[in-house]
Amino acid sequence: MFDVSFLLILIIIVALIFDFTNGAHDCANAIATVVSTKVLSPRTAVIMAATLNLIGAFLGTKVANTLGSGIVHPDIVANCQPLVLAALIGAIGWNLFTWHFGIPSSSSHALIGGLMGAAVAYAGFSSLNGGSILTKILLPLVLSPLAGFGMGLLVMFLIMFMCAKCARNKLNTAFTRLQVLSAAFMATSHGMNDAQKTMGVITLALFIFNEIETIAVPLWVKCLCATFMALGTAMGGWKIVKTMGHKIFKLEPVHGFASETSAALVISGASLLGAPISTTHTITACIFGVGSTKRLTAVRWGVAGHLIIAWVLTIPASGLLAACSFFLLSAVGFA
């Protein structure tokens, strides 16, 4: 049996590695459109996204509380010390696989799938908080892309209506500047939702190890997670930037502004409700919605098919990886 303090430290380190990969993987969510439309250079866009991800991470803890106590029953898994480590290994494994192939899958759902898979491996399906998973995980999983698509359509139609008589050159010039603001809004909302997920996982680990009495995020956990998310964002995710910024449809500044603004509105709303939605799903759906207003054939729907397959596979794949990791950790003495 390994020393408890060593295992807890290891879990926190692995959680921060996940947070770093999450920032690198999902950096594209905030900057893909602003880079592909050449409004900002890649270096400037990454610095801006990293800074605002850091700020956004401190704006609330509702999502962290959902991850800490809304997926598994804390009382059932309270004595399962390797559970969080197995969940993180499953999530990181899936993140690295999709990162390598440039697939904009969801780091959020990889983490959720990892928690579910490790919990089921330990105590069966009774360890899962079914009601919370349905209302705060599965429904947002389906509704957030639909909301993103609809919001993208709505925002783009409003822009088209209000700017119908504007000259094209003036319109592009105006939205070139406005897109910097929309990208900043998107980066802040990304930090607001995504960094809290790792906060919730570390808080759950602290609870399991009896370091805290309730699922409440300590300040030092907020600071660490915000910092590592920002560092990961600074690394960028250029393959995914290419997929989202170029392969769905040809973006212009007005489309980038509409996509980022739509996604940021949906993500911020979900964060206020404590729903850990996928920022990747949301911004991608917004790009599809915005592109559809141009003409349906302007969107490469074949890319959408591949992305949907990745989205559907994320939770079961990361869950399976986490379950296998849990059994392996148990076999070598971590349980």
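All values reported here derive from a predicted model rather than from experimental measurement.

Points about the packing of helix H2 (residues 42-56) against helix H9 (residues 219-235)
Two quantities define a packed helix pair, namely the angle between the helix axes and the distance between the axes.
Here's step 1: Interaxial distance between H2 and H9 falls to 8 Å at its minimum, and their mutual angle equals 165°. One finds that H2 runs roughly antiparallel with respect to H9. Every pair of crossing elements has a handedness; the one defined by H2 and H9 is right-handed. Residues Val-46, Ala-49, Ala-50, Asn-53 and Leu-54 of H2 pack against Ala-226, Thr-227, Met-229, Ala-230, Thr-233 and Ala-234 of H9.
Here's step 2: Of the residues assigned to the contact of H2 with H9, the class counts are 8 nonpolar, 3 polar and no charged.

Topic: the side chain of Asn-53
Here's step 1: Looking at where Asn-53 falls in the secondary structure, it is placed in helix H2.
Here's step 2: Engagement of the side chain of Asn-53 in a polar contact is seen with the side chain of His-190, the distance being 2.7 Å.
Here's step 3: A polar atom in the side chain of Asn-53 sits 2.9 Å from the backbone nitrogen of Gly-191.
Here's step 4: With near-sequence residues (within four places) excluded, Asn-53 lies in contact with Ala-187, His-190, Gly-191, Met-229 and Thr-233.

Some remarks on the side chain of Ser-271
Here's step 1: Turning to its location among the elements, Ser-271 is positioned in helix H11 (residues 253-273).
Here's step 2: The residues contacting Ser-271, other than those within four sequence positions of it, are Lys-62, Val-63, Met-192 and Asn-193.

So, the packing of aromatic side chains
Here's step 1: With the rule as written, the count across this model stands at 4 aromatic pairs.
Here's step 2: Geometrically, the ring pair formed by Trp-94 and Phe-97 is stacked, given 5.4 Å between the ring centres and 25° between the ring planes. Here the residue Trp-94 and the residue Phe-97 both occupy positions in helix H5 (residues 83-100), the gap between them amounting to 3 residues, near one helical turn.
Here's step 3: The exposure class of Trp-94 is buried, given its relative accessible area of 10%.
Here's step 4: Given the relative accessible area of 41%, Phe-97 is considered partly exposed.
Here's step 5: Through a chain of ring-to-ring contacts, three or more aromatic side chains come together here, namely Tyr-122, Phe-326 and Phe-327.

Focus: the environment of Ile-133
Here's step 1: Along the chain, the position of Ile-133 falls in helix H7 (residues 130-162).
Here's step 2: Taking the C-alpha atoms as reference points, Ile-133 and Val-72, separated by 61 residues in sequence, lie 8.8 Å from one another.
Here's step 3: Residues in contact with Ile-133, not counting those within four places in the same chain, are Gly-70, Ile-71, Met-116, Leu-128 and Leu-138.

A look at the nonpolar core
Here's step 1: By size, the foremost hydrophobic cluster in this structure holds 58 residues, and its most contacted members are Ile-71, Val-84 and Leu-88.
Here's step 2: Listed by contribution, the elements that provide at least two residues to this core are helix H1 (4-36), helix H3 (62-69), H5, helix H6 (107-123), H7, helix H8 (168-208), H9 and helix H13 (301-331).
Here's step 3: Dropping the residues within four chain positions of it, Ile-71 is found in contact with Thr-66, Ile-112, Leu-115, Met-116, Ser-127, Leu-128, Asn-129, Ile-133 and Ile-137.
Here's step 4: Counting residues in each nonpolar core, the second largest holds 13 residues, with Ala-45, Val-46, Ala-49 and Ala-187 among its members.

Describing the UniProt feature "transmembrane region" (unreviewed entry) in the protein chain
Here's step 1: Those places that UniProt annotates as "transmembrane region" (unreviewed entry) correspond, in this numbering, to residues 6-24, 45-64, 76-97, 109-125, 137-162 and 303-329.
Here's step 2: From the first C-alpha to the last, residues 109-125 spans 18 Å; its make-up is 88% helix and 0% strand.

Here is what the cut-offs are and how they apply
- Residues numbered from 1 in each chain as written.
- Predicted model: local features only at pLDDT ≥ 70, side-chain atom pairs only at ≥ 80, totals over all residues.
- Heavy atoms only, no water.
- Axes fitted to C-alpha atoms, helices over the stretch in contact; angles between N-to-C directions.
- Helix = DSSP H or I, 4+ residues; strand = E, 2+ residues; numbered from the N terminus.
- Parallel < 35°, antiparallel > 145°, perpendicular 65-115°, else oblique.
- Left-handed = near helix turned anticlockwise from the far one by under 90°.
- Contact = heavy atoms within 4.5 Å.
- Nonpolar A, V, L, I, M, F, W, Y, C, P; charged D, E, K, R; others polar.
- Polar contact = N/O pair within 3.5 Å; in protein donor to acceptor, adjacent residues only side chain to side chain.
- Phe/Tyr/Trp six-rings, centres within 6.5 Å; stacked < 30°, edge-to-face > 60°.
- Buried < 20%, exposed > 50% of the residue type's maximum accessible area, 1.4 Å probe, protein only.
- Core = buried A, V, L, I, M, F, W, Y, C linked by side-chain atoms within 4.5 Å.
- UniProt positions renumbered as here; feature names shortened; annotations may be inferred.

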